[in-house]
Amino acid sequence: MRGARSRILVTGSADGLGRAAAQALLAAGHDVVVHARNQERAAALGRFADRGAQIVVGDFAERDAVRRIAEELNASPPLDAVIHNAGVWSGRAVMPVNIVAPYLLTALLRGPRRLVYLSSNSHLGGDPSSLEGVDWRGGSPGSYADSKLFVTTLATAVARLRPGVLSNAVDPGWVPTRMGGPSAPDDLELGHQTQEWLASSDDPEALTAGGYWYHGRRLQPHRAVHDEAFQDRLVQALAEETGTAL
């Protein structure tokens, strides 16, 4: 069941799953905020602006850029939902982009009652013990699997710590995007529909929190995801690292 018109931020929406989600949400009549890493990539979002979308620009590998975007959005009409789609597969930006940026946006943005974090089945290979030695600033390459374990855990922690906020994680599958590559075997359309549904639908299942979803089905995540002690350690580590409490 389609929900009422909502204002929804989709991070990393210049291409791939983020762009597909933003297009679908606009087509469904929602007020969409799109995001690009830099002005060059923002130029590809002109059609969204022509249809009334707001564009925010900033590199999520840079904390100051994340803070600036949060300030800009807090000065705009309030958001109803955020789809934390932006992500990188490898390199030094893995931890800054995949977990620090969504944490900061979660802590700083006022108002969203629905939060959707992009996970991956790679999170099942993440190591909870690696939390003790994470290079959050990206001085060295980060582990994609660990970053997705952390962001999946963050989604569940937010659901527990913020009653009334519908916070969930979504595995979009290995889909043929720029990140996934042209030979990826999963369904591109199914890859963005679950996050749109969680961000906007009034279906009873979409109005739940703390889930790990894949193509409309709630699955069991890594056992650490529902470990409240691990959730608390992760949130504390991010708060101390960024100087920003959740």
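Above this text sits the structure in question.
Reading the values: rules and limits
- Residues numbered from 1 in each chain as written.
- Predicted model: local features only at pLDDT ≥ 70, side-chain atom pairs only at ≥ 80, totals over all residues.
- Heavy atoms only, no water.
- Helix = DSSP H or I, 4+ residues; strand = E, 2+ residues; numbered from the N terminus.
- Rg over C-alpha atoms; globule rule 2.2 N^0.38 Å.
- Buried < 20%, exposed > 50% of the residue type's maximum accessible area, 1.4 Å probe, protein only.
- Contact = heavy atoms within 4.5 Å.
- Areas by Shrake-Rupley, 256 points an atom, 1.4 Å probe, with all protein chains shown as cover.
- Lys, Arg positive; Asp, Glu negative; His and termini not counted.
- Charge placed at Lys NZ, Arg CZ, Asp CG, Glu CD.
- Pairing = 2+ DSSP bridges.
- Axes fitted to C-alpha atoms, helices over the stretch in contact; angles between N-to-C directions.
- Polar contact = N/O pair within 3.5 Å; in protein donor to acceptor, adjacent residues only side chain to side chain.
- Phe/Tyr/Trp six-rings, centres within 6.5 Å; stacked < 30°, edge-to-face > 60°.
- Salt bridge = Lys/Arg side-chain N within 4 Å of Asp/Glu carboxyl O.
- Core = buried A, V, L, I, M, F, W, Y, C linked by side-chain atoms within 4.5 Å.

> Please set out the overall build of the chain residue by residue, giving values where relevant.
Scanning the chain from N- to C-terminus turns up 8 helices and 8 strands. For 246 residues, the compact-globule estimate of 2.2 N^0.38 gives 18 Å, and the chain sits close to it at 16 Å. With the C-alpha coordinates aligned to their principal axes, the bounding extent of the chain is approximately 45 × 40 × 35 Å. Looking at the chain residue by residue over its 246 residues, the buried ones come to 56%. Across the chain, contacts joining residues at least 24 apart in sequence account for 70% of those joining residues at least 6 apart. Of the roughly 10,600 Å² of accessible surface on the chain, a fraction of 49% belongs to carbon and sulfur atoms. With 24 positive and 27 negative side-chain charges, the chain shows a spacing of 3 Å between the two charge centroids.

> Got a sec to walk through the sheet that holds strand β2 (residues 31–36)? Specific residues and values, please.
Remark on secondary structure: sheet strands pair via backbone hydrogen bonds, oriented parallel or antiparallel. The sheet built from 8 strands is open, its strands ordered β3-β2-β1-β4-β5-β6-β7-β8 with mixed pairing. Strand pairing shows two members of the sheet lacking a second neighbour, β3 (54–57) and β8 (217–219), which therefore form its edges. Here the strands of the sheet are splayed against their neighbours by 25 degrees on average, with no regard to which way each runs. Pairing of strand β4 (residues 81–84) with strand β5 (residues 114–118), which is carried by 4 bridges, proceeds in the parallel orientation. Bridged to isoleucine 83 within β5 is valine 116. Here helix α6 (residues 144–161) sits on the sheet and contacts β5, β6 (166–171) and β7 (212–214); the angle it forms with β5, its principal contact strand, is near 165 degrees.

> Summarise the environment of arginine 110; cite the residues concerned and give the values.
Residue position: arginine 110 is located in the loop between α5 (94–108) and β5. Here arginine 110 falls in the exposed class, since its relative accessible area comes to 57%. A sequence separation of 11 residues divides arginine 110 from isoleucine 99, and the C-alpha atoms of the two residues are 19 Å apart.

> So what's going on with the side chain of threonine 11? Residues and values would help.
The residue threonine 11 is located in the loop between β1 (7–10) and α1 (16–27) in this model. Within polar-contact distance, the side chain of threonine 11 engages the backbone nitrogen of alanine 86 at 2.9 Å. The residues contacting threonine 11, other than those within four sequence positions of it, are His35, Phe60, Ile83, His84, Asn85, Ala86 and Leu105.

> Lay out the packing of aromatic side chains in plain terms, naming residues and giving numbers.
Aromatic ring pairs: the centre-centre distance and the angle between the two ring planes describe each pair. Taken as a whole and assessed by the stated rule, the structure comprises 3 aromatic pairs. Measuring from ring centre to ring centre gives 4.5 Å for tryptophan 89 and tyrosine 144, while their planes differ by 50 degrees; the resulting arrangement is tilted. Taken as a pair, tryptophan 89 in the loop between β4 and α5 and tyrosine 144 in helix α6 lie far apart in primary sequence, 55 residues in all. Residue tyrosine 144 is classed as buried on the basis of its relative accessible area of 13%. Between tryptophan 136 and phenylalanine 150 the ring centres are 5.7 Å apart and the planes differ by 50 degrees, which places this aromatic pair in the tilted class. Of the two residues, tryptophan 136 sits in the loop between β5 and α6 while phenylalanine 150 sits in helix α6, which places them 14 residues apart along the sequence.

> Go over the environment of threonine 194 with me, naming the residues and quoting the values.
Mapped onto the secondary structure, threonine 194 falls in helix α7 (residues 188–200). Not counting chain neighbours up to four residues away, the residues in contact with threonine 194 comprise Val170, Trp213, His215 and Gly216. Only 2.9 Å separates the side chain of threonine 194 from the backbone nitrogen of glycine 216, close enough to count as a polar contact.

> Please provide a residue-by-residue account of the pattern of salt bridges, values included.
Within this structure, the stated rule accounts for 7 salt bridges. One network of salt bridges, in which partners are shared, links Arg63, Arg137 and Glu241.

> Give a detailed account of the nonpolar core, specifying residues and quantitative values.
Nonpolar side chains tend toward joint burial in soluble globular proteins. Grouped together as the largest cluster of nonpolar side chains are 40 residues, with contacts concentrated most on Leu9, Phe60, Leu73, Ile99, Leu109, Trp136 and Phe150. For this core, the secondary-structure elements that each account for two or more residues are α4 (63–74), α5, β5, α6 and α8 (228–242). A per-element tally of this core places α5 first, with 8 residues.

> With reference to specific residues and values, describe the side chain of threonine 152.
Within the secondary structure layout, threonine 152 lies in helix α6. In this view, threonine 152 contacts Ser119, His123, Ala169, Tyr212, Pro221 and Val225; residues no more than four positions away in its chain are not counted.

Function cannot be read off these values alone, since they describe shape.
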